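Fold and contact review
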Amino acid sequence: MFLIVCPYCKESRDQNEFSPAGEAFIARPQNPEELSDDEWSDYVFYRTNHKGDHWEQWVHTNGCRKYFLVKRSTISHEILEVAAFGEVTSENPS
Amino acid sequence: MQKKYSWYSLLKAGLGNQEWDQAIPLVKPKSKYDVIIIGGGGHGLATAYYLAKECGITNVAVLEKGYIGGGNTGRNTTIIRSNYLRDEASSLYEHSMRLWEGLSEDLNFNVMFSQRGVYNLGHTLQDMRDIERRVNANVLNGVDAVVVDHKEIKEQIPIINTSKNARYPIMGASFQARAGVARHDGVAWGFARAASNLGVDIIQNCEVIDIEVEEGKVKGVKTTLGDIMADRVGCVSAGHSSVVAKMAGLRLPVESHPLQAFVSEAMKPILHTVVMSNAVHGYVSQSDKGDLVIGAGIDGYNSYAQRGSAKIVEHCAAAILELFPIFSRVRMNRQWGGIVDVCPDACPVISPTKVEGLYFNCGWGTGGFKATPGSGNVFAHTIAQDKQHELAVPFHIDRFTSGALIDEHGAAGVAH
Amino acid sequence: MRLKNHKSDFIDQSEALSFIFNNKSYKGYKGDTLASALIANDVLFFARSFKYGRKRGLMGSGVEEPNALVSLEIGGRYTPNLKATEVMLYDGLSAVSSSNPNSIDFRALIKPLHRFMPAGFYYKTFIKQKVWAMVEDSLRSIAGFSKAPTEKDEDVYDHIFHHTEVLVVGGGVAGITAALEVLNNSKTTRVILVDERAHLGGELFNEFQSDDTAISWHHDNLSKLLEFKNVANSRLKIFSRSTAYAWYDHNYIEVLQTNATGESLISGVTQAARKVLHKIRAKEVILATGAHERPMLFETNDLANIMLSQSVRRYLNEFGVISGKDVVLYGNNDSIYSTAIDIKNNAINCKVIDIRPSGGESETVLKAKKLGIEVLQGYAVLKAHGTNLVKGIEISSVELQGKKWRLTGPSKRLNCDLLASSGGFNPVVHLDCHCGAKTFFDEDSQAFLPQKVRKNRQVCGSISAIGFWKDVVIDAKNKAQLILLSLGEIKKSTQDSMSKNYLDYYNASQFFVPIEILNRPKVFIDMQNDVTTLDVALAIREGYRSIEHIKRYTAMGFGTDQGKTGNINGIAVAAQFLDVPLSEVGTTTFRPAYTGVDFGAMAGREVGGFFDPQRYTTIHDSHLESGAEFEVVGQWYRPWYYPKSGEDIHQAVNRECLAVRTSLGMMDASTLGKIDVQGKDSREFLSRVYTNAWMKLAPGSCRYGLMCNEKGMIIDDGVSTCINDNHFIMTTTTGGAASVYSALEMWLQTEWSDLDVHLSSVTDQFATVAVVGPNARNLMKVLCHDIDFERDNFKFMQWRPGTVCGVQARVMRISFSGELAYEINIEANYGRYIWDEVALAGKPWNITPYGTESMHVLRAEKGYIIVGQDTDGSMTPMDVNMKWILAKDKPFSYIGRRSFSISALNSDDRFQLVGLLTKDAHVVLPEGSHIINNKGGSIGYVTSSYFSPILRRSIAMAQLKGGLSKMTEIVLVKIVQEKQGLKEIPCEVSRSVFYDIEGEKVDGNE
């Protein structure tokens, strides 16, 4: 049961208030029609599923309803960093 | 050859006239094998067994980073059924079911497959439509299935709550009589013993740290016990499939999630069948030891830690009480989590890859245990022939590119 | 027996309590546990073991107890599998052994066969599937402990959430000290102290007999704690009889508190929650969980009256009871001498058998000798004698060779009627390991200790193998200082040194015993599951070498005691047989729950009607008054149909449908999801998430949209209304509202933050009354005077603002039935009022309320799909014959579009939605039945099927492989369930529009 700091509410709240929303930094391709089937499939279905420090999206479902970024260890579950979309993170491709 | 298990051998051993053979002999890895199987869970061991038994390939090593059966094989709620919706899935699971039905004899090891039947409950009109659809599909596919109404359920399971005033009243169910449960550890050990007996090396505490690929072909693996060569490598490392794939430079359409389960303290038998409800998110059976074995849902986040959130199990306890209010004063004895890799269409990948000689069997999500013999069987043939077994064809990884998904969501709902 | 003149702080001899155990009446005192009261009454047998049905007595005094399992009470308060040691006595208590030790037992009867039933027996037998199927149920009936409950629980359970800076787990000397140290050194820090026993103090009470300073320390410190507690806005919470049983991520700990009166809830008496589950989030955790004693191993060590030394001591000191008169203490550390001293001081005969050789004795040993206690040093117990009950022991001299004990002398026999042993202490590291922390084996203390460093957690007291209570005080203060430092409450921590080397206190030796003993039969490691040393040896010989395999093969530690006394011994036995150090064997994984947690407590109040929220529309009461039957959709309760007296569902639905088709119906459509979309890029946004075009939809108009996911599959549909260029209201399916809303938010926030669009879920803000039927316009004219309802002025798929019965409304002319229809949207709280007004004003046209079932029939007659019924997450817009809704020239590649071009989505063989008309118009196809090909295989299935009253025939929709190119073909629907009557029903494939194919009805009759 994680304790998550919502970067919008700036408060540390129980996981019950949030919902996980998948791997982060999977940008929707700019021009889907120009992609090969393989490239499109990679975007839709394939995931890094990283073991270790992992960037993911969470949404403050029962709070401000904002989506944000969380860097969390998928081994220890320790949360190392949270960021709002558009904020600079330690490894920020967005 | 190992001595057979029988009444006679038990008698001799009891009288002190016989020593048992090692079911899982301690062996050192050779430097080269015909086939390496990464992962000593049920599926991996079954693959090795069928490679040796049906494909004539006995120079096989199963590499297990911990102890065999220590992953999801030993962590699941052991439900076995084949009443899947889609033809592709139902054929595969029914293949597995038929193997289950002869497995103890085949392995000379009682895996305690117990065909006590499985009820999949329906609580809404749409649930019942889905159940009708699935049961009819099952019958057409030669899978035993019937739809029962709430009165029939109550007759068979008198302790279940069929009150119309329940929050999710039970309207009916599908019932598969041949479905049931088995002893999960026994499955791993039975396959391991039988595979060893046929010459397969089962090497525990041997972690694969890299896969050697040259010019698009697999050459072998690097392990904590040294390098081992093989032209063919089958990866059956549920939970960690993505990690193993990465060693060969591959990505997979799977994500790893914790799946939780718990057991109660052992009581005298009161629940004689298996009850599953997707709508309330819980499934329960009572083991031969007497404990209620309960499966909960998966956590939505990715994780490689074998633990999940309290809210999942607590909600599941509430769900079980919806179905069985009499269990309120029964105590949870132990809870745990496994790491399942989940495919987007809730169906597995049993497939060759872009690397020649490298095969993956993964993505079983919450439904892997019941498939153990079938999965191992078709995967063994797939590796041996370098061509997908007929039943494995729909489970090719390319379906995520072509779009030929086998969407079991309609039938599977939240969890199996 | 109970000692006369024994002074106990816990037993109130003025208050006698009657209770029943296995149908016999006994008396105990307030403060007793069931176990202590039964010892006082000389009851020695409590239950039988799991596998062999051996008669067993008490072994421990707390949660570690493996043997004494009982059930309490009957009916709705029947509770299975309680440990007699955890049940507080109350007047009228009624308990029954989980397995009666005094009746004949099948398992015990087949004793001569036990040698043929080693570990793994069942894997090797009943291998034929048919045989297994025959015997399994009989084997089941033998297994299990207490009977299962048969009635609904009469009690309730609460959950309480807490946030605290510091959680102290364990209320012994360490916990009390740590809590006080934190409170004393900070003005703001909040502390929660939890302890599983009824009284704070832990093992300290054992020192009261011999150490007056312990009494005064306890008194002083408890008063100080109470001073902190008994003030307004106290920073301190103390929960007794509360067990921290699980530690989840991020310092989230769950504590189960048993009602102050314990299990003492007498049938029929209502009171507060039986148990409370405290959900505690702590910044820092101090574990002062103590240690469990482990027994020494020897042959037939499971006879009744073979107990743990500390438990005998505790029963004596806390409860004034003891179950023997001639006691032998046996062990490998000094704690047995402390027990012996207390026994001797109560004028009871005792001897000490110490496996350690003489020489270098500690103060405690010398003190015992001085008291005249007979001490045999350098001896091991080989075997206990007695039938069910210990009568004597066989001992032999031993010596330590390297790290291993060897027998050196002939055996001799001693008599005794109570044997108490101590093989050392197992720190209670369970909780610490729930979240992935590891233990390590500490050779010095011969114990698995908690991981040295862990964030936001300290351990103190005997969990770190510190035994002497005065040193525990120092250790706890030191650790509390570190916690204060971590919290920033102090700048520098004070660390005092302990009075002696912590190892000196128990002075424990190697806890292995001579391997000759381990090779004897019936040396029980796990009492509850009857796992012996030979079972472990066999497992190893058979290749089950990992401790997890050994555990699983032998069932060691699977009992309700979770192996608290047995597991570490089992590991040590395995280490000896494997001939490797203990550290190499390691422990099995520690998992919640530390002690059992009632399912009821896990669920809390979220049972019955509170299991899941129930959502009602503001019109719900009216539906109830009308006698509607309800259908659950998502969390909503929607009227399914409105039977008049004597009507069944078919009759009601026929009536409702005909009313709509011929005159006027009304329906509560409030549950449809409604999302308010605002911002200047709203059109662009809708264009991206729907497949069709939205750029030109004029204010005042509405449009139907189909929504897909990136896989190209239909996930939702609904009508969106253009309020103005920057404002739309989207409707979604009832069940899909939440997921659609969150998906839309995700696109906006994570991908399209450049779009000026804001979403609000307004489902609950509006009530919607649909007025449907050829007379709808006539009615609307009565209800609303500021909207021009003329057909050409208020067209289909338009909306108008207006006043309906004095209430501001948005009236939309949209239809899910093909009839002329208006949906009146008003602020939700006017829902009931408008509903009633509509019903009243509609009387001249015999307005008929209709439910979801009729809605389904009406929409099916028109071939409108229900997402989730006719589609199942694997259908594209093309599959449902809705290619027309795919915009071709939108610049933005809308969600799902790219997938439409991948190969499998363009296969001719896809499931496609068609209509089915049975040759016999009166046969209604069962929903879910399949269409077969000439080989009998499924090529599709019926998604929706009804009898259409207006068409006077059955209609159906189906997913059929390649169905769109099979129009007018005859296919067979095969009924395969006997209940439905086995048959094959010929049907013609048709378009899925059955009624008013030209769409002429939508304008009404003018």
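Relevant structure appears above.
These notes cover the structure that comes with them. Keep in mind that what you see is a predicted model, and the values were worked out from it rather than measured. (Residues numbered from 1 in each chain as written. Chains lettered and ligands numbered in written order. Predicted model: local features only at pLDDT ≥ 70, side-chain atom pairs only at ≥ 80, totals over all residues. Heavy atoms only, no water.)

When you go through chain A residue by residue, the secondary structure sums to 1 helix and 6 strands. Listing every helix and strand of chain A by position from the N terminus yields β-β-β-α-β-β-β. Counting all 94 residues of chain A, 46% fall into the buried class. Within chain A, residue pairs in contact and separated by at least 24 positions form 46% of the contacts whose partners lie at least 6 positions apart. (Helix = DSSP H or I, 4+ residues; strand = E, 2+ residues; numbered from the N terminus. Buried < 20%, exposed > 50% of the residue type's maximum accessible area, 1.4 Å probe, protein only. Contact = heavy atoms within 4.5 Å.)

What follows covers the nonpolar core. Among the nonpolar cores identified, the biggest contains 128 residues, and I353(C) and I393(C) are the most heavily contacted of them. Beyond its immediate sequence surroundings of up to four residues, I353(C) is in contact with V328(C), L329(C), Y330(C), G331(C), I336(C), L376(C), Y379(C), V381(C), I393(C), I395(C) and L414(C). In this structure, F360(B), C362(B), L686(C) and V740(C) belong to the second largest nonpolar core, which totals 57 residues. (Core = buried A, V, L, I, M, F, W, Y, C linked by side-chain atoms within 4.5 Å.)

Let's shift gears to the interface of chain C and chain B. On the chain B side, the residues contacting the 123 residues of chain C number 107 residues. Roughly 9,800 Å² of surface becomes buried between chain C and chain B when both sides are summed, with 52% attributable to carbon and sulfur atoms. Joining chain C to chain B, the criterion identifies 16 salt bridges. Among the elements that take part in the side of chain C that touches chain B, helix α4 (residues 129–142) of chain C stands out by supplying 7 residues, more than any other. Across the side of chain C that touches chain B, the residue classes break down as 46 nonpolar, 42 polar and 35 charged. Relative to strand β30 (residues 597–598) of chain C, strand β17 (residues 331–342) of chain B runs antiparallel, the two being bridged by 2 bridges. Across the sheet, R331(B) pairs through a bridge with D598(C), a residue of β30(C). (Buried area = accessible area lost by both parts, 1.4 Å probe. Salt bridge = Lys/Arg side-chain N within 4 Å of Asp/Glu carboxyl O. Nonpolar A, V, L, I, M, F, W, Y, C, P; charged D, E, K, R; others polar. Pairing = 2+ DSSP bridges.)

Residues and elements named next belong to chain C. A sheet is described by the order of its strands in space; here 5 strands give the open sequence β2-β1-β7-β5-β6, paired in mixed fashion. Here the strands that pair on one side only, and so sit at the sheet edges, are β2 (24–30) and β6 (79–83). Averaged over all pairs of adjacent strands, the angle between their axes in this sheet comes to 40°, without regard to strand direction. Relative to β6, strand β5 (residues 69–72) runs antiparallel, the two being bridged by 3 bridges. Looking across to β6, one finds that L69 is bridged to K83. (Axes fitted to C-alpha atoms, helices over the stretch in contact; angles between N-to-C directions.)

Interface size is commonly expressed as the accessible surface area that is lost when the partners come together. Taken together, the contact between chain C and chain A spans 26 residues of the former and 27 residues of the latter. Across the interface of chain C and chain A, roughly 2,300 Å² is buried in total on both sides, 48% from carbon and sulfur atoms. Where chain C touches chain A, the interface holds 5 salt bridges. For R897(C), the salt bridge goes to E33(A), with nearest N and O atoms at 3.7 Å. The tally of links between chain C and chain A comes to 21 residue pairs in polar contact (both at pLDDT 80 or more). With 8 residues, the single largest contributor to the side of chain C that touches chain A is helix α22 (residues 737–751) of chain C. Of the residues assigned to the side of chain C that touches chain A, the class counts are 9 nonpolar, 8 polar and 9 charged. (Polar contact = N/O pair within 3.5 Å; in protein donor to acceptor, adjacent residues only side chain to side chain.)

What is shown is where atoms sit, not what they do.
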